[in-house]
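Listed below are the residues making up each chain.
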Amino acid sequence: MSTTNLDKLKVAAEAGNIDILYAVIQIDSSILEIIDSNQFVETPLHIAASRGHLRFAIEVMNLKPSFAWKLNPQGFCPIHLAMQNDQKRMVSRFVDINKDLVRVQGREGLTPLHFASQIGEVELLAKLLFACPNSIQDVTVGGETALHIAVKNKNFEALHLLVCFLRKNIERGAREFEYNILNHKDEDDNTILHISALCIEPQALRLLVSTGINLKAKNLENKTALDIAATLENKSILFSAGSKPSLEVMDAPTLAHKLRSKTTIVDKMLIYIRRIERNISEKQRNTWLIIATLVATATYQSTLTPVGGVYQVSTSDNNVNNTSFNSTISTPKNVGKSVLSKVDFFLFSYMNMISFFLSTIAILILTPRGRVGSLVVAGPVVWFILLYLLSMEDNPYT
């Protein structure tokens, strides 16, 4: 590959001339492959992205998709350069072609989402988020999320968009995902609440205290957001929301402390249950859930109608036939009692109770964790157990 061919290729990229591009390729068919072999290099795609030559850039991306991921000697890939030069259509097309480009990290770990948050381009930020939702969890080398960058650059609209995106996320584990992003700490252990507390304008602070952010988080200096609030208004907002000074906030136990803490009986039971859950397959879980549900239903029904039934009132009973209109009906002493003997009924009730509780406990263990599992299964099962206990109070031998 000669220097002349490289120069021609550079001229083609600067002019956005596709004809010159293919003329160079005809002379040296391996020129793009040779450029790609360098770890840090300015490719024709970098040049075209900077100049805004959209058609040329797309042509090069089709020929050599790996160029889109290449960093130039300054630490930027083509999509970074397009954003720096306000080539929004170029960025949009890049993302349409490959959504994963939203997460490409350049110098200091900056992604296109970070950059959009930094310059406050709300529409572009929204497009990047919808193209690649998980990009919101990417952090810079300083541990900053896109939310940190928005607050530091006083881009309230960008911050508001990011917070609304987290609120409206309906993917699995969305609540935990939202909490983790809102409370992520940078290299100084500052959350976005700490940073917003330092701002003169209280807009961001008012927005964040209405979310699920941790109001008692401490940074490396062992200070909460209330401790470092820049203005009296910020202090008032934080105090009203429930934030406290560091002296009133207990330090969270460290991982080492948690591991070395005494294991209680309850902890041992939970560990045993969790190990059972981890060691069963999805097919086994579904099968056992069905069996446990059938057993629980059958045992509950047998409580309402014991084996053999109960003694009924007979029309031949003298106590019933001889009663007058104003008299009180007296029923035979066996009416309503189980036909089983007391010993047999006791054994039946005892075994029935064991089967019922084992099956309901199995249902609770096998039900997947989470808010949905608690609302849809755990809550009703607990009420089901209470109803069973109430029905057992109506003992045919009491």
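The structure displayed is predicted, hence computed values, not measured ones.

Peer 1: Outline the overall build of the protein, listing residues and values.
Peer 2: Scanning the protein from terminus to terminus reveals 22 helices and zero strands. The buried share of the protein, taken over its 398 residues, is 39%. The contacts of the protein with a sequence gap of at least 6 include a subset with a gap of at least 24, amounting to 69%. Accessible surface for the protein amounts to roughly 23,700 Å². Of this, 57% is attributable to carbon and sulfur atoms.

Peer 1: Lay out the pattern of salt bridges with the relevant residues and their values.
Peer 2: The tally for this structure, following the rule as stated, stands at 11 salt bridges. A salt bridge links Asp-36 to Lys-70; the shortest N-O distance between them is 3.8 Å. Highlighted residues: Asp-36 in helix α3 (residues 31-36) and Lys-70 in the loop between α5 (54-63) and α6 (78-84), separated in sequence by 34 residues. On the basis of relative accessible area, Lys-70 is assigned to the buried category, the value being 13%. We note a salt bridge from Lys-152 to Asp-186, for which the minimum N-O separation is 3.8 Å. Placement of the pair is Lys-152 in helix α10 (residues 146-152) and Asp-186 in the loop between α12 (174-182) and α13 (192-197), with a sequence separation of 34 residues. Here the salt bridges do not stand alone but share partners, grouping Glu-33, Asp-36, Lys-64 and Lys-70 into one network.

Peer 1: Describe the packing of helix α7 (residues 88-97) against helix α9 (residues 122-131), listing the residues and the values that go with them.
Peer 2: One can describe the packing of α7 onto α9 by two numbers: an axis separation of 11 Å at closest approach and a directional angle of 5°. The angle between the axes of α7 and α9 places the two elements in the roughly parallel class. Contacts between α7 and α9 pair Val-91, Ser-92, Val-95 and Asp-96 from the former with Leu-124, Lys-127, Leu-128 and Ala-131 from the latter. In terms of residue class, the contact of α7 with α9 is made up of five nonpolar, one polar and two charged.

Peer 1: An account of α7 is requested, with residue identities and associated values reported.
Peer 2: Here α7 has its buried residues at Met-90, Val-91, Ser-92, Phe-94 and Val-95. Packing partners of the buried residues in α7 comprise α4 (44-51), α5, α6 and α9.

Peer 1: Describe the packing of aromatic side chains, and please don't skip the residues or the numbers.
Peer 2: Under the definition given, this model contains two aromatic pairs. Summarising the aromatic geometry, the rings of Phe-356 and Phe-357 are spaced 5.7 Å apart at their centres and angled 75° between planes, so their arrangement reads as edge-to-face. On the basis of relative accessibility, which here comes to 25%, the residue Phe-357 falls in the partly exposed class.

Peer 1: Tell me what's going on with the side chain of Asn-219, and back it up with residues and numbers.
Peer 2: Summarising the element assignment, Asn-219 is placed in the loop between α14 (203-209) and α15 (225-228). Among the residues examined, Asn-219 registers a relative accessible area of 9% and is labelled buried. A distance of 3.0 Å separates a polar atom in the side chain of Asn-219 from the backbone nitrogen of Glu-221. Setting aside its immediate chain neighbours within four residues, Asn-219 contacts Asp-188, Asp-189, Asn-190, His-194 and Ile-228.

Peer 1: With reference to specific residues and values, describe α4.
Peer 2: When you tally the buried positions in α4, you get seven out of eight residues, the bulk of the element. Turning to α4, its buried residues are Pro-44, Leu-45, His-46, Ile-47, Ala-48, Ala-49 and Ser-50. Lining the buried residues of α4 we find α1 (3-15), α3, α5, α6 and α7.

Peer 1: Got a sec to walk through the UniProt feature "transmembrane region" (unreviewed entry) in the protein? Specific residues and values, please.
Peer 2: The UniProt feature table records "transmembrane region" (unreviewed entry) at residues 345-365 and 372-390. For residues 345-365, the end-to-end C-alpha separation is 30 Å, with 100% helix and 0% strand making up the annotated structure.

Peer 1: Please set out the side chain of Asp-28 residue by residue, giving values where relevant.
Peer 2: Mapped onto the fold, Asp-28 is located in the loop between α2 (18-27) and α3. Of the side chains with opposite charge, Lys-8 lies nearest to the buried Asp-28, which makes no salt bridge, at 11 Å. Polar contacts involving the side chain of Asp-28 include one to the side chain of Ser-30, which spans 3.1 Å.

Peer 1: Mind laying out the nonpolar core, listing which residues take part and the relevant values?
Peer 2: Judged by nonpolar contacts, the single largest core of 73 residues is most densely connected at Phe-94, Ile-136 and Leu-147. Beyond its immediate sequence surroundings of up to four residues, Ile-136 is in contact with Leu-113, Leu-129, Thr-145, Leu-147, Leu-162, Phe-165, Leu-166, Phe-177 and Ile-181. Counting eight residues, the second-largest nonpolar core is a separate cluster that includes Ala-292, Phe-356, Val-381 and Ile-385.

Peer 1: Tell me about a nonpolar patch on the surface, and name the residues and values.
Peer 2: A surface patch of nonpolar side chains, amounting to about 740 Å² of accessible area, comprises Val-343, Phe-346, Leu-347, Tyr-350, Met-351, Ile-354 and Leu-358. You can see Leu-347 is positioned in helix α21 (residues 342-366).

Peer 1: Can you tell me about the confidence of the model for the protein, naming the residues and giving the values?
Peer 2: In the predicted model, the protein carries a mean pLDDT of 85, and 86% of its residues have values of at least 70. This model gives residues 323-331 a pLDDT under 50, and the stretch forms four contacts once residues within four places in sequence are excluded.

Peer 1: Quick rundown of the packing of helix α8 (residues 112-119) against α9? Include the residues and the values.
Peer 2: What describes two packed helices is the angle between their axes and the distance between those same axes. Where α8 contacts α9, the axes come no closer than 9 Å and their chain directions differ by 155°. With respect to their mutual orientation, α8 and α9 come out roughly antiparallel. Note that α8 runs across α9; the crossing there is left-handed. Facing α8, whose interface residues are Pro-112, Leu-113, Ala-116 and Ser-117, α9 presents Leu-125, Leu-128 and Leu-129.

Thresholds applied
- Residues numbered from 1 in each chain as written.
- Predicted model: local features only at pLDDT ≥ 70, side-chain atom pairs only at ≥ 80, totals over all residues.
- Heavy atoms only, no water.
- Helix = DSSP H or I, 4+ residues; strand = E, 2+ residues; numbered from the N terminus.
- Buried < 20%, exposed > 50% of the residue type's maximum accessible area, 1.4 Å probe, protein only.
- Contact = heavy atoms within 4.5 Å.
- Areas by Shrake-Rupley, 256 points an atom, 1.4 Å probe, with all protein chains shown as cover.
- Salt bridge = Lys/Arg side-chain N within 4 Å of Asp/Glu carboxyl O.
- Axes fitted to C-alpha atoms, helices over the stretch in contact; angles between N-to-C directions.
- Parallel < 35°, antiparallel > 145°, perpendicular 65-115°, else oblique.
- Nonpolar A, V, L, I, M, F, W, Y, C, P; charged D, E, K, R; others polar.
- Phe/Tyr/Trp six-rings, centres within 6.5 Å; stacked < 30°, edge-to-face > 60°.
- Polar contact = N/O pair within 3.5 Å; in protein donor to acceptor, adjacent residues only side chain to side chain.
- UniProt positions renumbered as here; feature names shortened; annotations may be inferred.
- Lys, Arg positive; Asp, Glu negative; His and termini not counted.
- Core = buried A, V, L, I, M, F, W, Y, C linked by side-chain atoms within 4.5 Å.
- Patch = residues over 30% accessible without salt bridge, like charges linked within 9 Å, V, L, I, M, F, W, Y side chains within 5 Å.
- pLDDT = per-residue confidence, 0-100.
- Left-handed = near helix turned anticlockwise from the far one by under 90°.

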